[in-house]
Amino acid sequence: MANSVNISIEAPIENQIQEITYDGQEIYQAPLSMSENLARLAQKIDFSKSDDEFCNIKKEGESNTDPKPDDDSKDANYQSSLWPWESVRNKLRNALTEVCVLADVLNIAKEKRYMVLDPVQPEQVDNRPMVQVYGRKKALGAAAAVLLAGVERLRASENMRINRNMPDFHIDLLRLRQNWRLKKVSNTIVGDLSYRTAGSKFSQTGVFEVTKAPEEQMMQAMSMNAAGPAPSALRVTVPPELQGVAFISVLCQKEQEEVVTATLSSSALSCPGTLPGDGADLHWQQKLEAAQNVLFCKELFARLAAEAVQLDASIPHMVVGNQIMATVLPGIQLLIGLCHNNGQNNANANPEGSRPEGAAGKSDHDHVLEHSLHQLLRAVHHSNTHHPFPHPATGPLGPSKRRCLAGPMAADRYELLDMSKEQSLLEQIIQQAQHFFMRRRSEYVLDTIAKEVKDPLIVSHWNALNSPTQSCVKINIMAYGYDAVCRTSLVVHVGEKTLKCICRDGKVRHLSYELQELRDLIYCQIYQHQMTAVQAVGRCMGWQLLASSSHLGSGPVEPLGNASSCLLASPTGDRMIAIRCEPSVGIQVFIAQSPRKDFFASELVQDKKWENLGGAFKEIKLDKMEGKNFLNKMELLMACLSSPT
Amino acid sequence: MHRNLPQNKEALLKSYTTRLKEDIKSMLENFEEIIRLAKGERGESESQLNRMTQIEQDTFEMQVRAANIVRAGESLMKLVSDIKQYLILNDFPSVNEAITQNSKLFRTKQQECDQKLMSLRDDIAADLYDLEDEYFTSIYK
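Everything numeric here is computed off the predicted structure, so don't read it as measured data.

S.K.: Which parts of the structure should I look at to understand the sheet that holds strand β17 (residues 564–569) of chain A?
M.R.: Across a sheet, strands are paired by hydrogen bonds formed along the backbone, either parallel or antiparallel in direction. Residue and element names in this part refer to chain A. Overall, antiparallel pairing links the five strands, which are arranged β16-β17-β18-β19-β20 in an open sheet. On the outer flanks of this sheet lie β16 (544–549) and β20 (618–620), each paired with one strand and no other. Taken over all neighbouring pairs, the strand axes of this sheet differ in orientation by 20° on average, direction set aside. Most of the contacts of helix α16 (residues 515–541) go to β17, to which it runs at about 10°, and overall it touches β16, β17, β18 (575–582) and β19 (586–593).

Structural data, given as structure tokens:
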């Protein structure tokens, strides 16, 4: 018993397997119930067939009855012989059985007490087409909905663009392409705003990215300003170092003790605000132009800073942060600063910038010099790309025109060396600043002299044609009313550090930047003018010039120039006018009469003839005389002295 | 196409053509499949699945195929946009034309400005001469 083995006994499958689940379990069809079984069996009864069988039997019986004496079928013969109404009885019994069965069936069907008649499902019920049709209809409907949704989306986006007048990305891109360099790098559109193609050699790149503006933002922008210009469908992204506004500030100022602190703060002040409008709202063209300007200013400043370090000036240039300091003239500094306001460092620039000196610092900014700087760098760019012919078609380099001519002209070493020298931007701008100062100072000197000296009028005419480093002024010295009689004109060429004066007599004088020299020269010219003018007036009045000297050796030494004098005699010869002109004192006029009308013989002078030698000169108080100016007074004096009475 | 394009450009253009063909083919195939499903040509007898499951599967398949058609359509739109972009970025003749036009415009503008400035300068110079004369000869300085 201990070693008993479990034997599993399984009943043979009596029922049909309906399904085998994944775990191997078999699900059987439930056995038919009695009623079902009966119903199935009853259904199997073929009344017609059994009828036929009966008929066949009957026929057999009939056929058998006819050949009665046949030995072949003893059994049948025996029956028929035994019971001739056997077949009838059988038929009747069969009929009775059938009727009974029918009655039973009817009873069962009618009473429903023990059994129920159920319609048996037909084996193959074909309700499939309708389900499939509905299913397919639904499926097609769903597919169509998907298609329609897709179409609707396309159409909606197209409609929105057309109806709301949304800008087209591609149109904008075309505009952008026509103005800027673009290329496609993998999936992004990248542009270049640097001046490389224009001849710049600055290392910093000016790459910007073009993207499509999100539609919501566009909608927002459109709703914000419906009347304004349509927003662009493009968005350009410039690198942060090129964002904002930049400019080169150029200041000329007197040298200060604390240069660095003073200048740095003043340059930070003059930084302008951001561009009008927010950064995102800005049109791409303006944005790119601003970025390009930033790049340009950076290049300019980088170049200037490099030059400032390289140049060995007598007073070294200083580069501090974003500021270059150079001495233009003794005591005057040129400050070149790079102001870049990209919105980020605005915060730390502002605390200082809120001071009221900001306006003053801004007004000092020299726009002309700033413009010149821009012009100079552009000229450099231009010369980088435009080489004089002939040059190799492929080579970007070529000898300059002067170099080309150096061979045929047999230039020597010094000339060639001279050619290789190139003026740097900083030198050029310093020259321009120097010239600017020289011009301003000369203007000031001439104007103040014109104010100080009323008698001969000093009229200065500035020439309209001039270059950034040279201008020219013509000075006329004349007396009011006597401009036809005598006028002294001189021309002053204002250069960078020197002045060149071309006087009336053809003498050329070179003056330094110290403007006292110009002042002295003009004063000398004024007195010289007075002397020549008096002589000219005298000539007109018929007076005779006895003597004139522009450089008198007598008298005290003049601080500037020399005293000059002249001596005039009246037409009759009995009156004389002596004029002495000392620039430091002024003009003195003396008159003398000889012979005097009344002569009294004295012990020393006994004869009247000695009176003709001329007598003592008496000074005339010019300021008490009538007359508009010196020449007028002299004319009146001469007229007075000429009259016989 | 006849120009000597760089290889990658050529490849890009070819890829555009293939994209076009693929998208159109995808549209057509998906449409045909939908029609076939609708017709029920697929033999039902061999399917092991229940009818309802089969119908569900067909429904989903149709939806997916319809979505494929939509995708192909949008891909075509994208292709159109890409081709436009390519044309805009690489159409150098038109860009050159635009540049020439711009430079011509700016040159004429520059000339105009120069002329105006010159005449302005001449006028101002003449006036300045008179004004200087007047100022320096007057007693008010």
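From this point, the discussion proceeds with the structure in view.
S.K.: Is there a simple way to explain the sheet that holds strand β15 (residues 508–511) of chain A in this structure?
M.R.: All names here are of chain A. Taken together, five strands build an open sheet; the order of strands is β11-β12-β13-β14-β15 and the sheet is antiparallel. Here the strands that pair on one side only, and so sit at the sheet edges, are β11 (456–462) and β15. The mean angle between the axes of side-by-side strands here comes to 20°, regardless of whether they run parallel or antiparallel.

S.K.: For this particular structure, what's the right way to read the state of the cysteines?
M.R.: Working definition: the covalent bond between the sulfur atoms of two cysteines is a disulfide. Residues and elements named next belong to chain A. Applying the stated rule across the entire model yields zero disulfides over all chains. The cysteine cysteine 540 is free of any disulfide, with cysteine 486 supplying the nearest cysteine sulfur at 9.9 Å. Using a relative accessible area of 59% as the deciding quantity, one classes cysteine 540 as exposed.

S.K.: What am I meant to see in a nonpolar patch on the surface here?
M.R.: Residue and element names in this part refer to chain A. A grouping of Ile13, Ile17, Ile20 and Tyr28 is seen on the molecular surface, where their side chains present a nonpolar patch of about 380 Å² in accessible area. Looking at the element boundaries, isoleucine 17 is found in strand β1 (residues 17–20). Among the residues examined, isoleucine 17 registers a relative accessible area of 37% and is labelled partly exposed.

S.K.: Help me out: how do you make sense of the interface of chain B and chain A in this one?
M.R.: By a frequent convention, interface size equals the accessible area lost on bringing the separate parts together. Every contact between the two is made by 40 residues of chain B and, on the other side, 41 residues of chain A. When the two sides are added together, the surface that chain B and chain A hide from each other amounts to roughly 3,700 Å², 65% of it contributed by carbon and sulfur. At the surface where chain B touches chain A, the tally comes to two salt bridges. With its nearest N and O atoms 2.4 Å apart, the salt bridge here joins arginine 153 of chain A to glutamate 74 of chain B. Scanning the region where chain B abuts chain A turns up nine residue pairs in polar contact (both at pLDDT 80 or more). Mapped by element, the contributors of at least two residues to the side of chain B that touches chain A are α1 (7–39), α2 (51–90) and α3 (92–137) of chain B.

Rules and cut-offs
Residues numbered from 1 in each chain as written. Chains lettered and ligands numbered in written order. Predicted model: local features only at pLDDT ≥ 70, side-chain atom pairs only at ≥ 80, totals over all residues. Heavy atoms only, no water. Pairing = 2+ DSSP bridges. Helix = DSSP H or I, 4+ residues; strand = E, 2+ residues; numbered from the N terminus. Axes fitted to C-alpha atoms, helices over the stretch in contact; angles between N-to-C directions. Contact = heavy atoms within 4.5 Å. Disulfide = S-S within 2.5 Å. Buried < 20%, exposed > 50% of the residue type's maximum accessible area, 1.4 Å probe, protein only. Patch = residues over 30% accessible without salt bridge, like charges linked within 9 Å, V, L, I, M, F, W, Y side chains within 5 Å. Areas by Shrake-Rupley, 256 points an atom, 1.4 Å probe, with all protein chains shown as cover. Salt bridge = Lys/Arg side-chain N within 4 Å of Asp/Glu carboxyl O. Buried area = accessible area lost by both parts, 1.4 Å probe. Polar contact = N/O pair within 3.5 Å; in protein donor to acceptor, adjacent residues only side chain to side chain.

Nothing here speaks to function; it is geometry throughout.
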